[in-house]
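# Per-entry structural report
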Amino acid sequence: MNTQLIVDKFEELYGSGAELFASPGRINLIGEHTDYNGGFVFPGAVDKGVVAAIRLNGTQKVRAFALDLGESSEFGFDEADKPAEAWACYLFGVCREILKRGGTIGGFDTVFSGDVPLGAGMSSSAALESTYAFALNELCGCGIDKFELARIGQATEHNYCGVKCGIMDQFASVFGKKGCLMRLDCRSMEFEYFPFDPKGYRLMLVNSRVKHELVGSPYNDRRASCERVAKVLGQEFLRGATMEQLDAIRDGITDEDYRRARYVVGEERRVLDVCDALRRGDYETVGRRMYETHWGMSQEYEVSCEELDFLVRVAEECGVSGSRIMGGGFGGCTINLVKEELYDRFVSEAKKRFAEKYGHEPQIYDVVISDGARRL
Ligand code: GLA
């Protein structure tokens, strides 16, 4: 990303003295829709994210400029000051959530830009939230710990953006570490860094460029299904439930809720299998679990779409080791574990066959696992 453009725009609009902060988007190897079920996730931060120039302005107002949209917004810190621009609600939400936690923040001027493709399932919104949560914590000396910074981003989604998301995206954006994936237990919040360097394989994303919109989407409905089933089981979370337990309550829940819960219970097992396989360096098992996740998300959880199913079939036919839809669903990217020698062939097949069918080529990104929120 060209940070000079951000600095130049800041100076043009607000003068000198800004500091630069950045936070990344994320990938997730496996463990999808498990976070809000108290389960495991396996994300890593990527080399794409948000960069913001920011300087306290000595008032109680925020003046913000979104460089990529060429739009500005101004707002105060009261609940009634919620801005009209959707992107500005992320900044506003972060400010509100810091204040709710007793943090003292001042007004600021800011310009930001991002290179996480929007709607690709790579958490562009978490990158934005983490950038400002991290920056304000540093600049205003709030003394908030990193887990709470992630929760501030999550609460912003819940309270100001209408998505009842789990903690994975904000966690990954704050805690990311170069070269490492992270296995997070979303119930205890314990996590472990896993150095990830699959010799002979490449991890890459194929972006269908079909956009998903989590706001007002079935994402919240999926979460509600899981909560209903957990309640019938007498548990706080679906985490820890078995297929046998689900079968035992089957008559007391809808078929749809049953299918959703089956997916989640299966996914918990798959994440643990993948961890074991990674410890053995067994990437073929990792890949097989990725395919299983895909078809579970497609048929049981029903968050895939035709274009993503098509890309996964192309991967299967090319002999790619693992492929699945990544993130919340309803469009976006597939994540693929590809043997080096198959890489070029898969890329050209995926581009050609997708374009033939859907009229545009997908975008390809190599995953570069990178650091989390930071001052530049
Ligand atoms: C979105 C949410 C996350 C998580 C994923 C699915 O990215 O923000 O909390 O639930 O979907 O794994």
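Here's what I pulled together on the structure shown here. Predicted model only: the values in this text are computed from it and were never measured.

Calculation notes
Residues numbered from 1 in each chain as written. Predicted model: local features only at pLDDT ≥ 70, side-chain atom pairs only at ≥ 80, totals over all residues. Heavy atoms only, no water. Near = heavy atom within 4 Å. Polar contact = N/O pair within 3.5 Å; in protein donor to acceptor, adjacent residues only side chain to side chain. Areas by Shrake-Rupley, 256 points an atom, 1.4 Å probe, with all protein chains shown as cover. Nonpolar A, V, L, I, M, F, W, Y, C, P; charged D, E, K, R; others polar. Pairing = 2+ DSSP bridges. Helix = DSSP H or I, 4+ residues; strand = E, 2+ residues; numbered from the N terminus. Contact = heavy atoms within 4.5 Å. Axes fitted to C-alpha atoms, helices over the stretch in contact; angles between N-to-C directions. Core = buried A, V, L, I, M, F, W, Y, C linked by side-chain atoms within 4.5 Å. Buried < 20%, exposed > 50% of the residue type's maximum accessible area, 1.4 Å probe, protein only.

The next subject is the site of the ligand. Close to the ligand lie R26, E32, H33, D35, Y36, C165, G166, M168, D169, Y219, G327 and G328. Contacts to the ligand include E32, whose side-chain N or O atom sits 2.7 Å from an oxygen atom. One nitrogen or oxygen atom from the side chain of D35 is found 2.5 Å from an oxygen atom belonging to the ligand. Taking 300 Å² as the accessible area of the ligand by itself, protein coverage stands at 96%. Each residue belonging to the shell around the ligand can be placed in one class, and the counts come to four nonpolar, four polar and four charged.

Turning to the sheet that holds strand 5 (residues 71-76), a few remarks are in order. Across the sheet, which stays open at both edges, the six strands sit in the order 5-4-6-3-1-13 with mixed pairing between neighbours. Whereas interior strands pair on both sides, the edge strands pair on one side only; in this sheet they are strand 5 and strand 13 (374-375). Bridge count for strand 1 (residues 19-28) against strand 13 is two bridges, and the pairing is antiparallel. The residue bridging A22 from the neighbouring strand is R374, located in strand 13. Sitting on the sheet, helix 2 (residues 86-100) is in contact with strand 4 (61-66), strand 5 and strand 6 (108-114), with an inclination near 30 degrees to strand 5. Packing against the sheet, helix 5 (residues 168-175) makes contact with strand 1 and strand 3 (43-56), and its axis sits at approximately 130 degrees to strand 1.

Core analysis: the biggest nonpolar cluster contains 77 residues, and L29 and F42 have the highest contact counts within it. Among the elements that take part in this core, helix 2 stands out by supplying eight residues, more than any other. Apart from residues no more than four positions distant in its own chain, F42 is found in contact with N28, L29, I30, L181, M182, R183, F194, V271, V274, C275 and L278.

Bringing the pairing of strand 9 (residues 201-207) into the picture now. The buried count for strand 9 comes to six of seven residues, which makes it a mostly enclosed element. With seven bridges connecting them, strand 9 and strand 11 (residues 333-339) associate as antiparallel partners. Bridge pairing links Y201 to K339 in strand 11. Sheet topology note: the strand 9/strand 12 (residues 363-366) ladder contains four bridges and is antiparallel. Residue L205 lies in a different strand from strand 12, and its bridge partner there is Y365.

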